[in-house]
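# Notes for the structure review
Residues per chain are reported as follows:
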Amino acid sequence: DLAAAVSRCRVDAIAFDGIERLFWPVYNVSPGVKVILLNWRTFAEWRKSLNDFAPLLLGEVIIMNTLFSPYAVFPWGALLHVIDPLVGRKIEHLLKSGGPPICQVYDAYTAIWHSLTNFRRICARWASGLADLPEHE
């Protein structure tokens, strides 16, 4: 059940970028939650930004997926489970704490982990129906 999962993870904050359709279900099981809504762009500005960004992102996803697809075939990612405890459990801490945001701290070790997991952990959410990309205001 969603309430138990959110409670078990002890979530302090969630950014719903790309998973907007989860907002109301999570909100409804989070009594007393504080919501910060950032709507700093008009719909027209947001839509233009999406239309400019999406083709570039799609190109990046296709190129990076082609370059990194061997990661999906070979078990290189399993090595991180061995290496992570040896380097202070950096990825484990990142996953458990939710931070620092990957866009702020991106050393080589984090970049390797991100390249191994971003399609499954991030891109899959965009295509799963959780994103809300309305055509009209």
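Residues numbered from 1 in each chain as written. Predicted model: local features only at pLDDT ≥ 70, side-chain atom pairs only at ≥ 80, totals over all residues. Heavy atoms only, no water.

### Re the overall build of the chain
The condition is simple: A run of DSSP states H or I qualifies as a helix once it reaches four residues; a run of E qualifies as a strand once it reaches two. Both are numbered from the N-terminal end. Type-normalised accessible area, obtained with a 1.4 Å probe on protein chains alone, sets the label of each residue: buried when under 20%, exposed when over 50%, and partly exposed for intermediate values. By definition, residues are in contact when any of their heavy atoms lie within 4.5 Å. Throughout, the Shrake-Rupley method with a 1.4 Å probe supplies accessible areas, and for residues the shown protein chains are the sole cover considered. The charge count treats Lys and Arg as positive and Asp and Glu as negative. His and the chain ends do not count. All charge positions are set by atom: Lys at NZ, Arg at CZ, Asp at CG, Glu at CD.
When you go through the chain residue by residue, the secondary structure sums to seven helices and zero strands. Put simply, the chain runs from its N terminus to its C terminus through helices and strands in the order α-α-α-α-α-α-α. Along the first, second and third principal axes, the C-alpha atoms of the chain reach 45 × 40 × 25 Å. Across the 137 residues that make up the chain, the buried fraction comes to 17%. Long-range contacts, defined as pairs at least 24 residues apart, comprise 58% of the intrachain contacts of the chain with a sequence gap of at least 6. Surface accessibility of the chain: about 10,800 Å² in total, with carbon and sulfur atoms responsible for 63%. Taking the average location of the 13 positive side-chain charges in the chain and that of its 13 negative ones, the two points are 7 Å from each other.

### Things to note about the packing of helix H6 (residues 90-97) against helix H7 (residues 108-127)
For clarity, the cut-off: Working convention: axes come from line fits to C-alpha atoms, limited for helices to the stretch in contact. Angles between N-to-C directions cover 0 to 180 degrees. The cut-offs work like this: below 35 degrees is roughly parallel, past 145 is roughly antiparallel, 65 to 115 is roughly perpendicular, and the gaps in between are oblique. The handedness criterion is simple: a crossing whose near helix is rotated anticlockwise from the far helix by less than a right angle is left-handed, and one whose near helix is rotated clockwise is right-handed.
Across the interface, H6 lies against H7 with an axial gap of 11 Å and an inter-helix angle of 50 degrees. Overall, the two elements H6 and H7 adopt an arrangement that is oblique. Pair H6 / H7 crosses with right-handed handedness. Contact residues: H6 offers Lys90, Ile91, Leu94 and Leu95, while H7 offers Tyr109, Thr110, Trp113 and Arg121.

### Observations regarding the layout of surface pockets
To find leftover empty space, a probe the size of one water molecule is rolled over the atoms. Which entries qualify depends on this criterion: Only protein atoms enter the 1 Å grid, on which a cavity is a set of points fitting a 1.4 Å probe that cannot get out and a pocket is an open set with protein on both sides within 12 Å along at least 5 of 7 lines, lining residues being those with an atom within 4 Å of a point. Grid points are joined across faces, edges and corners, and a volume is the space filled by probe spheres set on the points. Throughout this entry, Asp, Glu, Lys and Arg are counted as charged residues, while Ala, Val, Leu, Ile, Met, Phe, Trp, Tyr, Cys and Pro are counted as nonpolar. The remaining residues, Gly among them, count as polar.
Empty space within the second largest pocket amounts to approximately 270 Å³. Residue lining of the second largest pocket: 15 residues in total, with Leu80, His81, Ile91, Leu95 and Trp113 positioned closest to the centre. Within the residue set of the lining of the second largest pocket, elements represented by two or more residues are helix H5 (76-86), H6 and H7. The dominant element in the lining of the second largest pocket, judged by the number of residues it contributes, is H7, at six residues. Within the lining of the second largest pocket, the residues separate by chemical class into seven nonpolar, three polar and five charged.

### Quick notes on the nonpolar core
One recurring pattern in soluble globular proteins: nonpolar side chains tend to sit buried together. This is how it is decided: To define a nonpolar core, start from buried Ala, Val, Leu, Ile, Met, Phe, Trp, Tyr and Cys residues and group those joined through side-chain atoms within 4.5 Å.
Judged by nonpolar contacts, Leu80, Ile91, Leu94, Tyr109 and Trp113 together constitute the single largest core of five residues. Where this core is concerned, the elements lending two or more residues are H6 and H7. Discounting chain neighbours no more than four positions away, the residues touching isoleucine 91 are Asp84, Tyr109, Thr110 and Trp113.

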